[in-house]
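Take a look at the letters that make up each chain.
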Amino acid sequence: MSGVGRRPRALIVYFSLTGQTSRVVEGLISSWSRCGWDTEVCRIHLEDPRYPLAHPVPGVWRFLLRWIPPQLAHRTGDIRLDPPEPSAEPDLVVIGSPTWWFNPALPIVSFMQSQHAEGLLQGKPFAVMTICRSAWAGNLAWVRKRGEALGGRFVGHLAFRFPGNTAQSMLAFIHKFKHDRVPTHAWGVPLHPYGIQDDHLAAIPAFVRKIADELG
Ligand SMILES: Cc1cc2nc3c(=O)[nH]c(=O)nc-3n(C[C@H](O)[C@H](O)[C@H](O)COP(=O)(O)O)c2cc1C
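On a predicted model such as this, the values are computed, not experimentally measured, just so you know.

**Q** How do you make sense of the site of the ligand when you look at a structure like this?
**A** Around the ligand sit 22 residues in total, of which Ser 16, Thr 18, Thr 21, Thr 99 and Ser 134 are the nearest. Gln 20 places a main-chain nitrogen or oxygen 2.7 Å from an oxygen atom of the ligand. The backbone of Thr 99 places a nitrogen or oxygen atom 2.6 Å from an oxygen atom of the ligand. Notes on the ligand: free accessible area 630 Å², of which the protein chains cover 97%. The cavity that encloses the ligand is the largest pocket. Where the shell around the ligand is concerned, the elements lending two or more residues are helix H1 (20-34), strand E4 (92-100), strand E6 (125-132) and helix H7 (166-179). It is E4 that contributes the most residues to the shell around the ligand, three residues altogether. When grouped by side-chain class, the residues that make up the shell around the ligand number 14 nonpolar, seven polar and one charged.

Calculation notes
Residues numbered from 1 in each chain as written. Predicted model: local features only at pLDDT ≥ 70, side-chain atom pairs only at ≥ 80, totals over all residues. Heavy atoms only, no water. Near = heavy atom within 4 Å. Polar contact = N/O pair within 3.5 Å; in protein donor to acceptor, adjacent residues only side chain to side chain. Areas by Shrake-Rupley, 256 points an atom, 1.4 Å probe, with all protein chains shown as cover. 1 Å grid on protein atoms, 1.4 Å probe; cavity = no way out; pocket = protein on both sides within 12 Å on 5 of 7 lines; lining within 4 Å. Sits in = over half its atoms within 2 Å of the grid points. Helix = DSSP H or I, 4+ residues; strand = E, 2+ residues; numbered from the N terminus. Nonpolar A, V, L, I, M, F, W, Y, C, P; charged D, E, K, R; others polar.

Structure, rendered in structure tokens:
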């Protein structure tokens, strides 16, 4: 798969607003390294005045509702990749995709519709990490379909959900976005801390090992 004398290399492309996908990426980097792979990380930044991002944000409901139309329509915006030109020949592409309104966040859709994605995914194995409060299926379905349409070969998926039931994770999410902190209770409902818990991250090494074995 990789050239003679070269270690295999995974390219991880991701977007993260509140740092949860970044935590998954950190877990991926150390797991790939333990499997003898190199990793290259490419972070997507959304730089489009039509889609201002803020966190925390005072008018949290207005902020969230404003995202419904672009998310459901899979609209794209101006993004910047860091680094701007990720390597052309990775042995695997991993996409770290937060879920916004049941779909991949607009920066991920923008990347997957870009020429960069076209060049990177053609003929390449790819895996998808979905990050969400509670519902990731629509996110995975869209990224997988688009990756396959670009000529990529889907090799696996790992989902990360926030703890608690829908009401608990929603209340924690709202508090995090409004006040940048989550109380222990809201409206009498006990809350978990915001974000992915460490035991979920513990699934990363086995997932990475399985893909590394499969890809030889
Ligand atoms: C505009 C917006 C819409 C969201 N919609 C959903 C959703 O439909 N389902 C869900 O489980 N989580 C939803 N979330 C929560 C995100 O999935 C969660 O904040 C994100 O995955 C955290 O990743 P990050 O810290 O890397 O940004 C939404 C978040 C935002 C900002």
